Amino acid sequence: MGVNFTATFQHSLDFKSIEEFKEELVKGDRFPKTVQFILQVNEHNPHLRRNWSINRERIIESMNFDPFDPILIGDEEYIEVYGPGGFDFIFNRSICEFTSCFRWYSFLVNPDLQQELRNICKEVADYFGYDFSIYIGDSYCTLDYVFEGRDMDYFKEAIKRRFGESQETLKELLDKADKERSSAGYYIDNFSDIANKSTDHNAFC
């Protein structure tokens, strides 16, 4: 099975704010690049057409939980916002993992797809109020850190212990993948160049 692209974000949203995030994705005004990308993906992949939905779940099965707090996200729960284009956002109370239908290596090797996904990640990071996202292949189980209730500082330290420092560029990450024949490594994107880039929408699966 191939390795998928994932992006991890810091956030400080409560449950009500995540519901609002879902509604903003539906409306699309605050996510124009995301909406355009999804339309293109769905055109080529009609099986990925679906409505935006939200789901709230316990991380650990137990009979001892109190009812869900209507606002705060507890240590023992996660929130999933999923929708068209294979898009899936999974939140604990501190971090969010984003996945779509695209492979990790395709993201690294295809500059148009790479820029499209970076544009989307910038829109999401801006909405969350932070200026970075971390890209890593899903074979390294970012989702485990979400389900464990970890925060961004813990996540950064964990992947640094495992892989060392972030690669300086995505090109370095691609060269590493080609040389080592693996998806190991990660990249912290601060979007410093994003305003100067454009794409031709030929990146879709």
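The coordinates are above.
Below is a short write-up of the structure. (Residues numbered from 1 in each chain as written. Predicted model: local features only at pLDDT ≥ 70, side-chain atom pairs only at ≥ 80, totals over all residues. Heavy atoms only, no water.)

Along the protein chain, the regular secondary structure elements total seven helices and seven strands. At 17 Å, the protein chain has a C-alpha radius of gyration in line with the 17 Å of a compact globule built from 205 residues. Dimensions along the principal axes, computed over C-alpha positions, put the protein chain at roughly 50 × 40 × 35 Å. Each of the 205 residues in the protein chain was classed as buried or not, and the buried ones make up 49%. (Helix = DSSP H or I, 4+ residues; strand = E, 2+ residues; numbered from the N terminus. Rg over C-alpha atoms; globule rule 2.2 N^0.38 Å. Buried < 20%, exposed > 50% of the residue type's maximum accessible area, 1.4 Å probe, protein only.)

Position of E123 relative to the elements: it lies in helix α4 (residues 111-128). No salt bridge forms around the buried E123; measuring N to O, its nearest opposite-charge neighbour K33 is 5.9 Å away. Side-chain polar atoms of E123 contact the side chain of T34, separated by 2.7 Å. Here E123 is in contact with R30, F31, P32, K33 and T34, once residues within four sequence places are set aside. (Lys, Arg positive; Asp, Glu negative; His and termini not counted. Salt bridge = Lys/Arg side-chain N within 4 Å of Asp/Glu carboxyl O. Polar contact = N/O pair within 3.5 Å; in protein donor to acceptor, adjacent residues only side chain to side chain. Contact = heavy atoms within 4.5 Å.)

Pairs can form between side chains of opposite charge whenever their charged atoms are close. For the coordinates displayed, the defined rule picks out 12 salt bridges. Across the pair R150 and E148 runs a salt bridge, and its minimum N-O distance is 3.3 Å. Given the relative accessible area of 46%, E148 is considered partly exposed. Within this structure, R118, D189 and D193 form a network of salt bridges that share partners.

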